[in-house]
Amino acid sequence: MTPVGIDAVEIWSGKLKLDLPNTFAPEKGDDPAKYTKGLGLTDSSFPDVYEDIVTMAANAAKRLMDREGLTPADVGRIDVATESAFDHSKPVSTYVAGCLESVYDGDFTHANKGERKFACVAGTQAIDDAYNWIRAGRNRGRAALVITTDTALYARGDPGEATQGAGAVAMLVDEDPSIVELSTAQGYGSKDETDFLKPNQQFPSVDGKRSMQVYLSRMREALEDYESVAGDLELTEFRYAPFHTPFPGMVRKAALLAYRHVIRDTDHETALAEDIGRQPREPDFEDREAYEAAIRDYMDELKTTEPYQHWYDDTVEPTLGLSRSVGNWYTSSVHVARVSALRDAIARDDALVGDTLLVASYGSGAQAEIHAETVCEGWRTGIEALDIDAQLDARYDLSWSEYEDVHDVHEYDKDLGRDVEAFTVPDGEFVFTGWGRMNERTYEYVE
Ligand code: HMG
């Protein structure tokens, strides 16, 4: 079977930055370490007044098309995944296609366009759709453009405010990919949950603590489902494990749970038993409560062991590099984690070709998905081409009052703050220009 996977990737960060330990924490009266150590974040990316989900998506896509030398005729499908859409009918992909058509010869008239919604897991679902379209032989030799884009904003004062972010990732899904080949095997964990949702409202209603429990439960189910098709996982099987990363502290919890699951009934568990005992088994306990308390104690011990720390530092920690500086990009988050992992391999001068990633996506509401990816020959060139460090360095560092103003600008129901001046100057990019006669949003390309 011809391999199918991600052939090219581009990232676009919101052009502003909110410094969590130095700007956010003092305003909240919090210890900065709550953000840097507890949540694991230093900054969040924020959209400037002329940026939104369309500009970020179109800018990421244009960079990708320019770098790959693509024209609209090469693209048979544009899927945008977002949970920040401003229209219940017209998909963001049509806006993005319109932007791109204004700067390229040719058009996307014969490309299938859509929008995927399932909180943060929608990006991975859009990749799935592209994969299936190609595998079904319906692509006529063309590639799919999959774009994840979100302005992940919370209401002012919500505990989630510390985990905001804004950015887009454009990915080209194609046959004989250069970056990673996708596995056919997948695992799902999916249940009707009301932990994080936006019922006809811009900012989410969130039960933060519960959302973390739901994340862990759905991930465990997805892992079990994945093992039911791919066989039991071996710890050394995967070079990196990129997770959906709402904030790095969440991934720390998920990684520990995954490790405990994978070593159960293996030589790794036996080797660790000398120091911390075997994992508690439910039948050995009188009730669920006692069992759960024992599990918590075991996990506390497990995370201090050398084998766990070694595995975590090698396999998971390197996936969190970008997330620490950008916050939660919702649908993009797991795709940013993949890029962080590959950048780590460049820093270590690791060959990586043929190595496997275990990719764990998640969306509230709630669903987790797990699959494997094999790193392809061209990965290094594709990742070295990214200029994300320069983008992050160039972000405008907001003061608290500037942050309040720009948050208002992006709140759909507030006219307040619409006159706020941009903090950065657009340069060779799409910008939001206002509203048209049917209340559609309008855009132009600024040279
Ligand atoms: P909070 O109540 O403000 O924070 O909200 P906290 O008091 O729980 O502290 C956070 C961590 O910092 C804790 O670590 C503290 O101990 C630690 P933990 O105990 O959990 O390991 N801490 C400190 N550490 C060192 N020094 C200190 C210090 N002080 C505290 N001085 C919460 C945190 C995550 C609930 C909030 O930010 C929130 O509601 N976020 C939004 C929801 C969210 O991100 N949930 C994650 C799972 S759901 C998901 O990932 C889906 C999502 O991406 C949406 C989608 O799918 O579309 C969100």
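Because the structure is a prediction, the values reported are computed rather than measured. (Residues numbered from 1 in each chain as written. Predicted model: local features only at pLDDT ≥ 70, side-chain atom pairs only at ≥ 80, totals over all residues. Heavy atoms only, no water.)

**Q** A description of the sheet that holds strand β2 (residues 16–19) should follow, citing residues and the corresponding values.
**A** Across the sheet, which stays open at both edges, the three strands sit in the order β3-β2-β13 with mixed pairing between neighbours. The sheet is open, and its two borders are formed by β3 (43–46) and β13 (396–397), each paired with just one other strand. As paired elements, β2 and β13 share two bridges and run parallel to each other. Each residue of the ladder has a partner; that of K17, found in β13, is D397. Lying on the sheet, helix α1 (residues 20–28) is in contact with β2 and β3; it crosses β2 at an angle near 60°. Lying on the sheet, helix α15 (residues 400–409) is in contact with β2, β3 and β13; it crosses β3 at an angle near 40°. (Pairing = 2+ DSSP bridges. Helix = DSSP H or I, 4+ residues; strand = E, 2+ residues; numbered from the N terminus. Contact = heavy atoms within 4.5 Å. Axes fitted to C-alpha atoms, helices over the stretch in contact; angles between N-to-C directions.)

**Q** So what's going on with empty space enclosed by the protein? Residues and values would help.
**A** As enumerated under the stated definition, the model contains three cavities of 30 Å³ or more in all. Estimates place the volume of the largest cavity at around 130 Å³. Around the largest cavity, the lining is made up of 13 residues, and of these L233, F238, V262, W311 and L358 lie nearest the centre. Listing elements by their share of the lining of the largest cavity, those giving two or more residues are α7 (248–263) and α10 (306–315). Of the residues forming the lining of the largest cavity, the biggest block, three residues, is contributed by α7. (1 Å grid on protein atoms, 1.4 Å probe; cavity = no way out; pocket = protein on both sides within 12 Å on 5 of 7 lines; lining within 4 Å. Points joined across faces, edges and corners; volume = space filled by probe spheres on them.)

**Q** Describe the sheet that holds strand β12 (residues 367–375), listing the residues and the values that go with them.
**A** Taken together, eight strands build an open sheet; the order of strands is β5-β4-β6-β7-β1-β8-β12-β11 and the sheet is mixed. The sheet is open, and its two borders are formed by β5 (112–116) and β11 (356–363), each paired with just one other strand. Taking each pair of neighbouring strands and ignoring which way they run, the sheet shows an average axis angle of 25°. Pairing between strand β8 (residues 180–190) and β12: eight bridges, direction antiparallel.

**Q** I'd like to hear about the site of the ligand, residue by residue, with values.
**A** The immediate surroundings of the ligand are formed by 29 residues, with K34, E83, C120, K209 and K253 found nearest. In this structure, K209 approaches the ligand through a side-chain N or O atom, which is 2.2 Å from an oxygen atom. With respect to the ligand, the side chain of H244 contributes an N or O atom lying 2.9 Å from an oxygen atom. Summarising the interface, the protein chains cover 75% of the accessible area of the ligand, which totals 1,100 Å² for the free molecule. When contributions to the shell around the ligand are tallied by element, the ones reaching two or more residues are α2 (33–39), α6 (208–230), α7 and β11. Tallied by class, residues from the shell around the ligand come to 14 nonpolar, nine polar and six charged. (Near = heavy atom within 4 Å. Polar contact = N/O pair within 3.5 Å; in protein donor to acceptor, adjacent residues only side chain to side chain. Areas by Shrake-Rupley, 256 points an atom, 1.4 Å probe, with all protein chains shown as cover. Nonpolar A, V, L, I, M, F, W, Y, C, P; charged D, E, K, R; others polar.)

**Q** Provide a residue-level description of the nonpolar core, including the pertinent values.
**A** Counting residues in each nonpolar core, the largest one holds 64 residues, and the members touching the most others are Y215 and F243. Examining the composition of this core, we find that 10 residues originate from one element, α7, more than from any other. Beyond its immediate sequence surroundings of up to four residues, F243 is in contact with Y215, M219, V251, A254, A255, A258, V316, V334, A337 and A360. The next biggest cluster of nonpolar side chains, apart from the first, holds 39 residues, and it includes I11, A126, I179 and V375. (Core = buried A, V, L, I, M, F, W, Y, C linked by side-chain atoms within 4.5 Å. Buried < 20%, exposed > 50% of the residue type's maximum accessible area, 1.4 Å probe, protein only.)

**Q** Describe the side chain of S325, naming the residues involved and giving the relevant values.
**A** Relative to the assigned elements, S325 resides in helix α11 (residues 321–326). Given the relative accessible area of 19%, S325 is considered buried. Residue contacts for S325: discarding those within four places in its chain leaves T42, D43, S44, S45, L392 and R395.

**Q** So what about a negative patch on the surface? Which residues, and what values?
**A** Taken together, the side chains of E274, D275, D297 and E301 make up a negatively charged region of the molecular surface. The topology assignment puts E274 in helix α8 (residues 267–276). For E274, a relative accessible area of 75% corresponds to the exposed category. (Patch = residues over 30% accessible without salt bridge, like charges linked within 9 Å, V, L, I, M, F, W, Y side chains within 5 Å. Salt bridge = Lys/Arg side-chain N within 4 Å of Asp/Glu carboxyl O. Lys, Arg positive; Asp, Glu negative; His and termini not counted. Charge placed at Lys NZ, Arg CZ, Asp CG, Glu CD.)

**Q** Just give me the short version of α6, but keep the residues and values in it.
**A** Along its 23 residues, α6 runs 32 Å from first to last C-alpha, staying within 8% of the 33 Å computed at 1.5 Å per residue. Within α6 the residues assigned to the buried category are S211, M212, V214, Y215, L216, R218, M219, E221, A222, L223, Y226 and E227. Lining the buried residues of α6 we find β8, α7, β11 and β12. G231 lies just past α6 and shows a positive phi near 90°. (Expected span 1.5 Å × (residues − 1).)

**Q** Residues and numbers for unusual backbone geometry, please.
**A** The amide bond that connects G365 to the next residue, A366, takes the cis arrangement and shows omega of 5°. Position of A366 relative to the elements: it lies in the loop between β11 and β12. Unusually for a residue other than glycine, N200 sits at a positive phi of about 50°. Topologically, N200 is positioned in the loop between β9 (196–197) and β10 (205–206). A relative accessible area of 69% means that N200 is categorised as exposed. Backbone geometry places N439, a non-glycine residue, at a positive phi of 70°. Checked against the element boundaries, N439 lands in the loop between β14 (429–435) and β15 (441–446). Accessibility expressed as a relative area gives 59% for N439, which makes it exposed.

**Q** Give a detailed account of the side chain of E83, specifying residues and quantitative values.
**A** Within the secondary structure layout, E83 lies in the loop between β4 (75–81) and α4 (92–101). Residue classification places E83 among the buried positions, given a relative accessible area of 12%. In terms of polar contacts, E83 uses its side chain to reach the backbone amide nitrogen of C120, at 3.2 Å. Beyond its immediate chain neighbours, meaning those up to four positions away, E83 contacts A119, C120, D150, F196, K198, Y330 and T331.

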